[in-house]
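# A structural walkthrough
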Amino acid sequence: MRYSINYNQFITFLNDYDNLITGLKVTKVERYGFNDYEGYQYNIRLVVYTKEGYKNKRLLIHTNSTYLDELEEITKDSLQDYFSLILA
């Protein structure tokens, strides 16, 4: 089952459960729209790996480019590195 959340919920999830998370993998990044207020809109699909005894989670994150301004380009690899830094 895939859970659909926004970017703020994802960051809260990482902070709340960082002791149970062993890693994550970005599987797909989709840019699907643009508006003048938020910039480009993205769907980011990823898998959160957890410690043994807990279920891994598949997430779909809805966000826009204003939350990702720190990145030069928004790709699977750059988001993988960015989320790994947040998790560390």
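Our subject is the structure that appears above.
Residues numbered from 1 in each chain as written. Predicted model: local features only at pLDDT ≥ 70, side-chain atom pairs only at ≥ 80, totals over all residues. Heavy atoms only, no water.

### Some thoughts on the overall build of the protein
If you tally the helices and strands in the protein, you get 2 helices and 4 strands. Of the regular secondary structure in the protein, the N- to C-terminal order runs β-α-β-β-β-α. Expected size for 88 residues packed as a compact globule is a radius of gyration near 12 Å; at 13 Å, the protein falls within 12% of this value. For the protein, with 88 residues in total, the buried portion stands at 39%. Taking the intrachain contacts of the protein between residues at least 6 apart in sequence as the baseline, contacts between residues at least 24 apart amount to 54%. Total accessible area computed for the protein in this model is approximately 5900 Å², and 46% of it derives from carbon and sulfur atoms. In the protein, which carries 10 positive and 12 negative side-chain charges, the distance between the mean positions of the two groups comes to 14 Å. (Helix = DSSP H or I, 4+ residues; strand = E, 2+ residues; numbered from the N terminus. Rg over C-alpha atoms; globule rule 2.2 N^0.38 Å. Buried < 20%, exposed > 50% of the residue type's maximum accessible area, 1.4 Å probe, protein only. Contact = heavy atoms within 4.5 Å. Areas by Shrake-Rupley, 256 points an atom, 1.4 Å probe, with all protein chains shown as cover. Lys, Arg positive; Asp, Glu negative; His and termini not counted. Charge placed at Lys NZ, Arg CZ, Asp CG, Glu CD.)

### Quick word on the pairing of strand β4 (residues 57-64)
One ladder, built from 5 bridges, connects strand β1 (residues 2-6) with β4; its direction is parallel. Each bridged residue has a counterpart across the sheet, and for S4 the counterpart in β4 is L60. As defined by bridge partners, strand β3 (residues 39-50) adjoins β4 across 8 bridges and the pair is classed as antiparallel. Its bridge partner being in β4, Y42 is matched across the sheet by T63. (Pairing = 2+ DSSP bridges.)

### Description of the sheet that holds β1
Read across the open sheet, the 4 strands follow the order β1-β4-β3-β2; overall the sheet is mixed. The open sheet is flanked by β1 and β2 (21-35), the only strands paired with a single partner. Within the sheet, the average angular offset between the axes of one strand and its neighbour, ignoring direction, is 20°. Each of β2 and β3 touches helix α2 (residues 76-87); the most contacted strand, β2, lies at about 130° to it. (Axes fitted to C-alpha atoms, helices over the stretch in contact; angles between N-to-C directions.)

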